[in-house]
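Each chain, letter by letter, is given below.
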Amino acid sequence: MAESLNTRSGLLSCKLQRLRNNYLDLLQSCLTGSIYRDLPQSLFNLNSFDPRLREHGLDWPAQAQTMIGGKRMANLRTLMESVIAENVPGDFIETGVWRGGACIFMRAILYAYNIADRCVWVADSFEGLPAANELENPADAGSTFHAYPQLAVPLEQVRENFRAYGLLDQQTKFLKGWFKDTLPTAPIQQLALMRLDGDMYESTMDALTNLYPRLSHQGYVIVDDYHGVSACKAAVHDYCDANGIHPEIIEIDGVGVYWRKFDTTRHDRVSVAPSHSDMSDEMQISLLNEALFELSWTVITYLNQSLTGRDGEIARLNQSLADREGDVARLNQALVDREGDVARLNQALVDREGDVSRLHQSLTELQKEVTALYSSNSWRITKPLRSIGHIIRGSRGNDDKVRPPYTIDSSMVNSPITRDISPKLIWEDDLRLKINDVEFYLSIDTDELKTRISTSDSFLLGKPKHLVEKAVTIGQQGRIDKIFEMGILQGGSIVLYDQIFGPQKIVAIEHALEPVEPLARYIAKHRKSHIIKPYYGVNQANRSAMEKILSAEFPNRDVDLIIDDCSHLYEETREAFNISFPYLKNGGLYIIEDWAWAHWSGDYWQKDHTIFSGRKSLSNLLIELFMLAASCPGFVKDILVEHSVITVSRGDEELPAGPFNIADHYLLRGKHFGAWL
Ligand SMILES: C[S@@+](CC[C@H](N)C(=O)[O-])C[C@H]1O[C@@H](n2cnc3c(N)ncnc32)[C@H](O)[C@@H]1O
């Protein structure tokens, strides 16, 4: 009989403990907000619930009643259960309660263990933290907690929170005010556990100073912010050092710590007898069942409300998603429309380009007809057509329409074939020439050519007078429309040829990198950028650079005149001939200037100080050209050798396809030509 009674009471106490656990577990997850996945406050900039943060009390919940997290709540429960089990006498206090969550939990633990003769003290300003008193508590210097309105929770709200859990009664006592004012006179006899959560040196020190002496032997001190706020830790150590206390500090969760008080002066103290009421286990079970039921109901109601709230939120999000999708669809449509516009504009552009190229084509044909008429014998009867030719060239941007009036110069009277137009050359002396509004200064002095520069008013021309006259003669013998020149120097020759020939195109290359500024100004002033094209930094023997320019500028290989006044070195001049000769049109002229430097009279060019010292004579190329003319008269029609200039006339026979090399075309009876001079 006695055995079955024992079994029954064992079963009841097991059931009671299980109920306590269920009730306190559920309450803990309500108070921390984990059960609702309560979001952190907006100042944390986190838009979702993170269980790890909440477990360690590292965020401030938006709705829930405590911010200390699951681990510190569990620690509070363990220590309370310990003092209850060991009958350590005294009440329980938290200094710094915020929304009261930890205190509500303390009160609930008393309820679960049916303890009616102990209180929970709830101490707080209920207005937030105090501003730092840096003079008295230098460790608080810089503290900004007082500026957080989120930390100021009014007393009425905290009471309301207790009430919501059915735990607001006489066993909960509120101490409103700054700790320094309330704690010294608080009517607390004895404490079994003190939980300090005031976040500052001052708050921690005030709590220790006023409450630690009232803490029972084997009672607990919990310091919530020991690792979270260094001032708090400093207060603990200052207090302990000052009072000769050497606590064994135990970690809770990396933030909070606790220690147990052992009061050696009272080691013989006997624990008070358990003061539980006489309520039977059945009765307690029934009360706890009721409390658990009510709590569960509260949770379910709250969860329902929050579900409704979430549903509303989902509906709002769905609506804004639908709106966004509408926007995206509209933007897509606008994009499609724009693409249509772009395609239409592209098509119109292509059509216009077609029109322009057709117009160019018909202009070119008209130009050819006019040119043919120009060179026909019926010059006088084609006068009206000549006017048309000028107009056509003018419409292409060619400045021919403003060409200067041409007169017959006395120096040309003896020319074998004269044209009835020629530029007016005014020689002030043998070195100074004027054509229209352009002046030239002629020089063949090597030193002067190196130092003198062109200006906008006067171009330096590295040629003697007779070469200028030769150019005029060439212009009279036939139309020179396309010119390729090697050696720009100071741009004088380009301007000279432009003035004398009025060509369609002059392309020139120069080894020097620096563009000739007066030449650029001349081109801009006369709007001839489509006619005069200087290329700088090009070596005449650089096949790839030369080919690139020639093939781009003269794709029809119809150059009328090529003038090489460039390096005057045998190898380079020969390679330039190989590259550019195929671009000369049938009947075109290839002029190489200063071919005879190795043979010039006097002793200047016969000594070793000149730029040509040690170099093969350019006359070697003359010999090869003669041999070419002899072996391939169809390639070279004739060669005119003058004392400083050689003029090669292109024959009518097509050159073979592929790169041209003069050495492949003269016959040598099986011998090799190796530049003898
Ligand atoms: C971090 S909160 C406490 C959190 C709370 N223990 C919990 O469970 O969520 C700090 C609280 O301490 C209070 N407090 C801090 N220093 C105080 C002081 N010297 N006097 C009165 N209240 C103080 C603040 O008003 C605030 O409510």
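Nothing here was measured: the structure is a model prediction, and the numbers come from that model.

Draft legend 1. Representation of the overall build of the protein chain in the model. Across its full length, the protein chain holds 17 helices and 18 strands. Once local pairs closer than 6 in sequence are excluded, the contacts in the protein chain between residues at least 24 apart make up 68%.

Draft legend 2. Seen up close, the environment of Leu287. Its location among the elements puts Leu287 in helix α9 (residues 281–375). Residues Leu287 and Asn114 lie 173 residues apart in sequence; the distance between their C-alpha atoms is 9.7 Å.

Draft legend 3. The sheet that holds strand β16 (residues 584–593), seen in detail. Here seven strands make up an open sheet; going across it, the order is β14-β13-β12-β15-β16-β18-β17 and the pairing mixed. The open sheet terminates on both sides in strands that have one partner only, identified here as β14 (532–536) and β17 (636–641). Mean inter-strand twist for the sheet, computed between neighbouring axes without regard to direction, equals 15°. Across five bridges, β17 lies against strand β18 (residues 645–650) in antiparallel orientation. Paired with Ile639 across the bridge in β18 is Val648. Packed onto the sheet, helix α16 (residues 570–580) meets β12 (482–486), β15 (559–564) and β16 and runs at close to 170° relative to β15.

Draft legend 4. The nonpolar core, seen in detail. In this structure, Phe105, Met106 and Ala108 are the most contacted members of the largest nonpolar core, which totals 72 residues. The contacts of Ala108, once residues within four sequence positions are left out, are Leu24, Leu27, Tyr165 and Leu167.

Draft legend 5. Expanded view of the sheet that holds strand β2 (residues 120–124). Pairing is mixed in the open sheet, where seven strands are placed in the order β3-β2-β1-β4-β5-β7-β6. This sheet does not close on itself; its edge strands, each paired only once, are β3 (172–176) and β6 (250–251). Where strand β4 (residues 191–196) meets strand β5 (residues 215–223), five bridges bridge the pair, whose relative direction is parallel. Residue pairing across strands places Met194 opposite Val221, the latter belonging to β5.

Draft legend 6. Looking closely at the pairing of β12. Counted residue by residue, β12 has five buried out of five residues, so it is predominantly covered. Note: β12 against strand β13 (residues 505–510), five bridges, orientation parallel. Following the sheet pairing, Glu485 is matched in β13 by Ala508. Alignment of β12 against β15, held across four bridges, turns out to be parallel. Residue pairing across strands places Ile483 opposite Leu561, the latter belonging to β15.

Draft legend 7. Broad picture of the site of the ligand. Close to the ligand lie 25 residues; Thr66, Gly96, Trp98, Ser125 and Ser203 are nearest. At the level of secondary structure, the elements contributing two or more residues to the shell around the ligand comprise α4 (101–112) and α7 (201–211). Top element by residues in the shell around the ligand is α7. It accounts for three residues.

Draft legend 8. Representation of the packing of helix α3 (residues 69–85) against α4. The geometry of α3 relative to α4 is characterised by a closest axis approach of 10 Å and an angle of 35° between their N-to-C directions. Classified by chirality, the crossing of α4 by α3 is right-handed. For the pair α3 and α4, contact is made by Met73, Leu76, Arg77 and Met80 and by Ala102, Phe105, Met106 and Ile109, respectively.

Draft legend 9. Structural detail: the environment of Leu19. By the element assignment, Leu19 lies in helix α1 (residues 2–32). Look at Leu19 and you get partly exposed, because 19 C-beta atoms sit within 10 Å. Remark: the alpha-carbon pair of Leu19 and Leu288, spanning 269 residues in sequence, is separated by 6.7 Å. Residues in contact with Leu19, not counting those within four places in the same chain, are Ile285, Leu288, Asn289 and Leu292.

Reading the values: rules and limits
Residue positions within a chain follow its written sequence, with the count starting from 1. Owing to the predicted nature of the model, reporting of local features is limited to residues with pLDDT of at least 70; listing and counting of side-chain atom pairs is limited to 80 or more, with chain, interface and lining totals taken over all residues. Working definition: helices are DSSP H or I runs of at least four residues, strands are E runs of at least two. Numbering for both runs from the N terminus. This entry defines residue contacts through backbone-placed C-beta atoms, with two residues in contact when those atoms are within 7 Å. In this analysis, strands are considered paired if DSSP registers two or more bridges between them. Axes here refer to lines fitted to C-alpha atoms; in helices the fit is confined to the stretch in contact. Angles between the N-to-C directions go from 0 to 180 degrees. For this entry, the nonpolar core is defined as buried Ala, Val, Leu, Ile, Met, Phe, Trp, Tyr and Cys residues connected by C-beta atoms within 7 Å. With C-beta atoms placed from the backbone, a residue is buried if 20 or more other C-beta atoms are within 10 Å of its own, exposed if 12 or fewer are, and partly exposed between those counts. By convention here, the C-beta atom is placed from the backbone, and a residue is near a molecule or strand when that atom is within 6 Å of it. Helix crossings get a hand from a simple test, with the near helix turned counterclockwise from the far one by less than a right angle marking a left-handed crossing and a clockwise turn marking a right-handed one.

Scope: geometric values only; no functional claims are made or implied.
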